[in-house]
Amino acid sequence: MSSLAVPQAEPVTGSTPGTAQDRPPLRRRIALVPTITLLLGALYCLLPVAWVVIAATKSGSELFSTFTFLPGTGFTGNIRDLNAYRDGVYWQWMGNSALYAGLGALLSACVSAFSGYALATYRFRGREAIFNVLLAGVLMPPVILAIPQYLLLAKADLTDSYLSVLLPQLLSPYGVYLARIYAAAAVPADVVEAGRMDGASEWRIFTRIALPMMIPGMVTVFLFQFVAIWNNFLLPYIMLSDDEKFPITLGLFTLLEQGANTPALYTLVITGALLAVLPLVALFLVIQRFWSLDLLSGAVKS
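None of these values were measured; they are calculated from a predicted model.

A. Structural context of the overall build of the protein. Along the protein, the regular secondary structure elements total 13 helices and zero strands. In the protein, the succession of helices and strands from N to C terminus is α-α-α-α-α-α-α-α-α-α-α-α-α. Across the 302 residues in the protein, those meeting the buried criterion constitute 32%. Within the protein, counting contacts between residues at least 6 apart in sequence, those at least 24 apart form 71% of the total.

Structural data, given as structure tokens:
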């Protein structure tokens, strides 16, 4: 009587019989470390935002008596109280921030575009020295410049005015640095020379040829400056004394100081902080969409 012998599977070299063979290799487990680190970083950044969103829904009595991450029932009441506080001065603070950040970021992006294009395109004596001074400005903390800026504007009798907050924001060393790097990479020298050979003026070459190529970089400069000016606290705190000219950061700070004597104002501060973040989120989403469209259009053109 003959029988068929069933071949026995050879044990895998280096494996112990009885252990799971589908265990992920060491390389895959190591690759999970960056993902876990990013998740922990995202949690660290989003946890305060979640707290503000939930705390804004609580009334004054719920804020200190309920669980931290338990939503409340007073969001609409907080919005009404915020609107009614000093006849809606909160929205005037928001308008001031929009003026400072919007106009300041736009003008700063224009100055950065002019300066960056000139430093990247033209060859003149002292160009590298100017660029090195700008790099030093990038490394210098803004707090060091606040007092000298105040003294200069006080000599010009411009303190406690809108210009005292706008003028120091026009020149961004980091914006000029980024514009120069982007112009050197995005604007080919051959294209500029071709425009000159066709008889175009330098201004026409910049506005019609170079600037459209630099738009994505200038949008980045605009976003950085908008966020920096919107969140700026020290400069308005030094320059302004009229609270009707305050930006949202300084206005919320005054509310927080008054909350030490009037705890009911804490809910207004938290609700105001939540509403103050929304324009930044909306701006980032709009500009992110612009970046995507620009990349797609560049891919189609190429």
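B. Focus on the packing of helix α4 (residues 89-121) against helix α8 (residues 173-186). Look at α4 against α8: their axes get within 7 Å of each other, and the N-to-C directions meet at 50 degrees. In terms of orientation, α4 lies oblique with respect to α8. Our pair here, α4 against α8, has a crossing hand that is right-handed. Touching Ser112, Ala113, Ser115, Gly116, Tyr117, Leu119 and Ala120 of α4 are Gly175, Val176, Ala179, Arg180, Ala183 and Ala184, all from α8. Across the contact of α4 with α8, the residue classes tally to eight nonpolar, four polar and one charged.

C. Main features of the packing of aromatic side chains. Applying the stated criterion to the full structure yields 17 aromatic pairs. Ring centres of Phe222 and Phe226 lie 6.0 Å apart, and the angle between their planes is 40 degrees; on these two criteria the pair is classed as tilted. Taken together, the residues span about one helical turn, with Phe222 and Phe226 both in helix α10 (residues 202-230) at a distance of four residues. Among the aromatic side chains, those forming a connected cluster through ring pairs are Phe114, Tyr117, Tyr122, Trp203 and Phe206. Over the aromatic face of Phe131 sits the side chain of Arg180, whose NZ or CZ is 4.1 Å from the ring centroid.

D. Region of interest: the side chain of Thr271. If you trace the backbone, Thr271 turns up in helix α13 (residues 265-301). With near-sequence residues (within four places) excluded, Thr271 lies in contact with Ala56, Phe75, Asn78, Ile79 and Leu82.

E. Local environment of the pattern of salt bridges. In the structure shown here, the tally under the stated rule is six salt bridges. With a closest N to O distance of 3.4 Å, Arg180 and Glu128 form a salt bridge. Placement of Arg180 in helix α8 and of Glu128 in helix α5 (residues 127-139) is noted, with a sequence separation of 52 residues between them.

F. Looking closely at the layout of surface pockets. Within this model, the largest pocket holds a volume of roughly 650 Å³. Taken together, 23 residues line the largest pocket, and the ones lying closest to its centre are Pro142, Leu145, Pro168, Leu171 and Pro173. Grouping the constituent residues of the lining of the largest pocket by class yields 17 nonpolar, six polar and no charged. The space that makes up the second largest pocket amounts to roughly 250 Å³. As for the second largest pocket, its lining consists of 14 residues, of which Leu106, Ala109, Ile215, Met218 and Val219 are closest to the centre. Of the residues forming the lining of the second largest pocket, the biggest block, six residues, is contributed by α10. By residue class, the composition of the lining of the second largest pocket is 14 nonpolar, no polar and no charged.

G. Geometry of a nonpolar patch on the surface. A contiguous nonpolar surface patch, about 900 Å² in accessible area, is contributed by Leu32, Ile36, Leu40, Leu43, Leu47, Trp51, Phe67, Phe69 and Leu70. A relative accessible area of 35% means that Phe69 is categorised as partly exposed.

Basis of the calculations
Residues numbered from 1 in each chain as written. Predicted model: local features only at pLDDT ≥ 70, side-chain atom pairs only at ≥ 80, totals over all residues. Heavy atoms only, no water. Helix = DSSP H or I, 4+ residues; strand = E, 2+ residues; numbered from the N terminus. Buried < 20%, exposed > 50% of the residue type's maximum accessible area, 1.4 Å probe, protein only. Contact = heavy atoms within 4.5 Å. Axes fitted to C-alpha atoms, helices over the stretch in contact; angles between N-to-C directions. Parallel < 35°, antiparallel > 145°, perpendicular 65-115°, else oblique. Left-handed = near helix turned anticlockwise from the far one by under 90°. Nonpolar A, V, L, I, M, F, W, Y, C, P; charged D, E, K, R; others polar. Phe/Tyr/Trp six-rings, centres within 6.5 Å; stacked < 30°, edge-to-face > 60°. Lys NZ or Arg CZ within 6 Å of the ring centre and 35° of its normal. Salt bridge = Lys/Arg side-chain N within 4 Å of Asp/Glu carboxyl O. 1 Å grid on protein atoms, 1.4 Å probe; cavity = no way out; pocket = protein on both sides within 12 Å on 5 of 7 lines; lining within 4 Å. Points joined across faces, edges and corners; volume = space filled by probe spheres on them. Patch = residues over 30% accessible without salt bridge, like charges linked within 9 Å, V, L, I, M, F, W, Y side chains within 5 Å. Areas by Shrake-Rupley, 256 points an atom, 1.4 Å probe, with all protein chains shown as cover.

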